[in-house]
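Understanding the architecture of this molecule
Listed below, chain by chain, are the residues.
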Amino acid sequence: MKILPIDGKLSLTNDGELEVFFIGTGSAFAKKHYQTNFLIIKGDKHILVDFGTTGPVALDATAGLDVPDIEVFLPTHSHCDHIGGVEYLALMNRYVGMKFLGKPKLNMIINKIYEKVLWEMSLRGGMEWNEVNGEGKRLGFADFFDVVRPTIKMREPREVWEVNFGGIHLELFRTNHIPEQAPSPDEAFITYGLFIDGRIFISGDTKFDRELIDQYADRSEWMFHDTQINPNPVHACLPELKTLPEHIKQKMFLVHYPDGAENNPIDGFAGWAVQGARYIFD
């Protein structure tokens, strides 16, 4: 793996290596580190994973990109630090990208279950009433997005979906994030983490879940894990992650952390994930 800075604007294409670029590495309330939203880039394809309330600013500040540059989006769950900028993303694409720049609708990688939740419970209020579509109806999800559907891979030991998009293979696994009383991913609200190209694990938002880590640790070349500093009812915390075996910690970067967390010692781990850096897996 190489970790490289960018010089100016991030390219959304490369020579075919798998690349991950964090436009932010912070937790929901972070300002210095924005929020944990990131780009996956491989060849001529890219996927933006999550776009929170700080997303529009972070995209420009860390990547030098404009919102209309984004063509493919994947939301992991409906907290504001993960989807708070999606209305901005979709409206900008429809009224600037499509009307003036000749761009197509955004592609969204999402299963049917979560599409309904995302539209009905988060996006519809600000996006439905802007105009009447060509069929004389108020706008719907399909007026903004072309859907790329993952397929179910397994139900046990946890729900896992998979999709191939332009040579990028993703497994989307359910995590146990919220509510704090949920005893398992099956009983928790829809939240996903990612396993990219059978190589790179990104936990998404999750409580400390040793079964999840063990499910992917041996298959992962590198891991990026949700991390709070102090005990937290809906996120893994640093004292819990420090209990992991050394061989796992050595390949684990810590992400989704609060401002100031990087001042804490993390001996044995691969490091704190850094916003604005290109993680290239060759």
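Residues numbered from 1 in each chain as written. Predicted model: local features only at pLDDT ≥ 70, side-chain atom pairs only at ≥ 80, totals over all residues. Heavy atoms only, no water.

Take the packing of aromatic side chains next. Given two aromatic rings, one states the distance between the centres and the angle between the planes to describe the pair. All chains considered together, the criterion is met by 16 aromatic pairs. Their ring planes at 90° and their centres at 6.2 Å tell us that Trp 119 and Phe 141 sit as a pair that is edge-to-face. Of the two residues, Trp 119 sits in helix 4 (residues 112-127) while Phe 141 sits in helix 5 (residues 141-144), which places them 22 residues apart along the sequence. On the accessibility criterion, Phe 141 (6% relative accessible area) is buried. Plain terms: the ring middles of Phe 144 and Phe 145 are 6.2 Å apart, the flat faces sit at 45° to each other, and that makes the pair tilted. (Phe/Tyr/Trp six-rings, centres within 6.5 Å; stacked < 30°, edge-to-face > 60°. Helix = DSSP H or I, 4+ residues; strand = E, 2+ residues; numbered from the N terminus. Buried < 20%, exposed > 50% of the residue type's maximum accessible area, 1.4 Å probe, protein only.)

Here the focus is the pattern of salt bridges. On inspection of all chains with the given rule, the structure shows 20 salt bridges. With a closest N to O distance of 2.9 Å, Asp 214 and Arg 210 form a salt bridge. Taken together, the residues Asp 214 and Arg 210, both in helix 6 (residues 210-217) and four residues apart, mark about one turn of the helix. Relative accessible area serves as the criterion here: at 39%, Asp 214 is assigned to the partly exposed category. Salt bridges sharing common partners tie together Glu 120, Arg 124, Glu 128 and Arg 138. (Salt bridge = Lys/Arg side-chain N within 4 Å of Asp/Glu carboxyl O.)

The next thing to look at is the packing of helix 3 (residues 86-100) against helix 4. For any two helices packed against each other, the geometry comes down to the angle between their axes and how far apart the axes lie. Look at helix 3 against helix 4: their axes get within 10 Å of each other, and the N-to-C directions meet at 45°. Taken together, the axes of helix 3 and helix 4 are oblique relative to one another. In this structure, helix 3 crosses over helix 4, and the sense of that crossing is right-handed. The segment helix 3 lies against helix 4, with Val 86, Glu 87, Ala 90 and Leu 91 engaging Leu 123, Gly 126 and Met 127. (Axes fitted to C-alpha atoms, helices over the stretch in contact; angles between N-to-C directions. Parallel < 35°, antiparallel > 145°, perpendicular 65-115°, else oblique. Left-handed = near helix turned anticlockwise from the far one by under 90°. Contact = heavy atoms within 4.5 Å.)

A few words on the side chain of His 77. Mapping His 77 onto the fold places it in the loop between strand 5 (72-74) and helix 2 (80-83). One polar contact links His 77 to Thr 76, side chain to side chain, over a distance of 3.1 Å. Of the polar contacts made by the side chain of His 77, one reaches the side chain of Asp 205; its length is 3.3 Å. Apart from residues lying up to four places away in sequence, His 77 is in contact with Asp 50, His 82, Ile 83, Tyr 114, His 177, Ile 190, Thr 191 and Asp 205. (Polar contact = N/O pair within 3.5 Å; in protein donor to acceptor, adjacent residues only side chain to side chain.)

Let's shift gears to helix 6. Counting along an α-helix, one turn takes 3.6 residues, and residues three or four places apart therefore face a common direction. Listing the buried residues of helix 6 in full gives Leu 212, Ile 213, Tyr 216 and Ala 217. The arc that holds every buried residue of helix 6, seen down its axis, measures 120°, which confines them to one face. (Arc of directions from axis to C-beta.)

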